[in-house]
Amino acid sequence: MNSSRLTKFLIPVFDVLLGVIAGSIVMLVSGYNPIAGYSALLYGSFGDSYYIGETIRQTTPYILAGLAVAFAFRTGLFNIGVEGQLIVGWLASVWVGVSLDLPKVIHLPLAILAAAAAGALWAFIPGFLKARFKVHEVIITIMMNYIALHVTNAIIRSVLSDKGFKSETVHPSASLQSEFLQSITDYSTLHYGIIISLIGAIIMWFLLEKTAKGYELRAVGFNQHASQYAGMNVPRNIILSMVISGAFAGVAGAMEGLGTFGNISVKAGFTGIGFDGIAVALIGSNNAFGIILSALLFGALKVGALEMPSSADVPTELVDIVIALIIFFVASSYLIRLLLSRFKKEGK
């Protein structure tokens, strides 16, 4: 591993450590024991097979949400609409899972593809407006998050639900739930979605790093004018980038709809997974395999936090503070890079 790659790897690790240390200070100031708090957090994440299963299950949608954000960012776009794309993907997967009755070998892939298509379609709109009318994608994607939330709730109430707030459970032929994975993790909610998430990471890595189209997408992200001068179709590549990003987000929704919950219910607010995906992508340095580790960190923090009130009398909100501090240090990591580059110059 050369020095630049080592630096790219170490900076997020350093950011996480700074966030943990700063979180310890917050706990001390608030009158809590940080050692007891972090011990409970660690036990609640990896203390036994059940907690491990729950952590991996929580990691599953985070991987795909992080990939969605990172793919757009690597191609010069800011997809802040992953949350909305995830919700419509969740809806589409459950709709197919409830409405059709097919063999599993057809039904499950069809439900996942429906989620990918729904997320891609939801991302196509800001991509088209960006490419055709130069409308900034951040504004459009933020607004479309709210449209997705309320339109989805309306469809659940009027189409998918008999009781007004929750759909039926998807057919077993469209379910990602696994009796085998649940049995080896003391009947956690772990399901086969983790395999799909890991395949998604491989697809992103291969597409961006090993294909000509991936090189073209990254080139457009680096410099649109130079790419257009080189003969690349910039508007088409902008739309394609958003569509692929939205497809990742839609599949993240399918992991919840077909795996964790097996249905979809009316939501009072956002799931938060899509927004957390922004932080997952940042900490993972927008690298497919870095995102897997980053998503695991977030999954462990979210699941482990549930153990903190009972075992250490530490409120779960402090974990959100730790996450916010980690994001702060990641966002300011350019200062760390500047310091490291100066140290290198002084050492020469």
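Residues numbered from 1 in each chain as written. Predicted model: local features only at pLDDT ≥ 70, side-chain atom pairs only at ≥ 80, totals over all residues. Heavy atoms only, no water.

**With respect to the packing of helix α3 (residues 49-74) against helix α8 (residues 193-210)**
It is the contact of α3 with α8, at a shortest axis distance of 8 Å, that shows an interaxial angle of 20°. Comparing their axes, α8 and α3 come out roughly parallel. When the axes of α3 and α8 are compared, the crossing they make is left-handed. When α3 is examined against α8, the residues I56, T60, I63, L64, L67, A70, F71 and R74 are found in contact with a partner set consisting of G193, I194, S197, L198, G200, A201, M204, L207, L208 and E209. Each residue belonging to the contact of α3 with α8 can be placed in one class, and the counts come to 12 nonpolar, 4 polar and 2 charged. (Axes fitted to C-alpha atoms, helices over the stretch in contact; angles between N-to-C directions. Helix = DSSP H or I, 4+ residues; strand = E, 2+ residues; numbered from the N terminus. Parallel < 35°, antiparallel > 145°, perpendicular 65-115°, else oblique. Left-handed = near helix turned anticlockwise from the far one by under 90°. Contact = heavy atoms within 4.5 Å. Nonpolar A, V, L, I, M, F, W, Y, C, P; charged D, E, K, R; others polar.)

**Some remarks on a nonpolar patch on the surface**
There is a patch of nonpolar side chains on the surface, built from F9, L10, V13, L17, I21, I25, V29 and L293 and spanning about 780 Å² of accessible area. Top element by residues in the nonpolar patch is helix α1 (residues 3-29). It accounts for 7 residues. Note on placement: L17 falls in helix α1. L17 gets classed as partly exposed once you look at its relative accessible area, which sits at 48%. (Patch = residues over 30% accessible without salt bridge, like charges linked within 9 Å, V, L, I, M, F, W, Y side chains within 5 Å. Areas by Shrake-Rupley, 256 points an atom, 1.4 Å probe, with all protein chains shown as cover. Salt bridge = Lys/Arg side-chain N within 4 Å of Asp/Glu carboxyl O. Buried < 20%, exposed > 50% of the residue type's maximum accessible area, 1.4 Å probe, protein only.)

**What to know about the pattern of salt bridges**
The tally for this structure, following the rule as stated, stands at 6 salt bridges. When the shortest N-O distance is used, the salt bridge between E209 and R74 registers 2.5 Å. One end of the pair, E209, is in helix α8; the other, R74, is in helix α3, with 135 residues separating them in the sequence. Among the ionic pairs, K302 bridges to D276, the shortest N-O distance being 3.8 Å. Of this pair, K302 sits in helix α13 (residues 288-304) while D276 sits in helix α12 (residues 273-283), and the two are 26 residues apart along the sequence. Assessed through its relative accessible area of 17%, D276 is described here as buried. It is possible to trace a salt-bridge network through shared partners that takes in D276, K302 and D320.

**Focus: the UniProt feature "transmembrane region" (unreviewed entry) in the chain**
On the UniProt side, "transmembrane region" (unreviewed entry) is annotated at positions that read residues 9-29, 86-103, 110-129, 135-156, 190-208, 238-261, 273-301 and 321-340 here. For residues 9-29, the end-to-end C-alpha separation is 31 Å, with 100% helix and 0% strand making up the annotated structure. Regarding residues 273-301, the helix share stands at 86% and the strand share at 0%, and the terminal C-alpha atoms are separated by 13 Å. (UniProt positions renumbered as here; feature names shortened; annotations may be inferred.)

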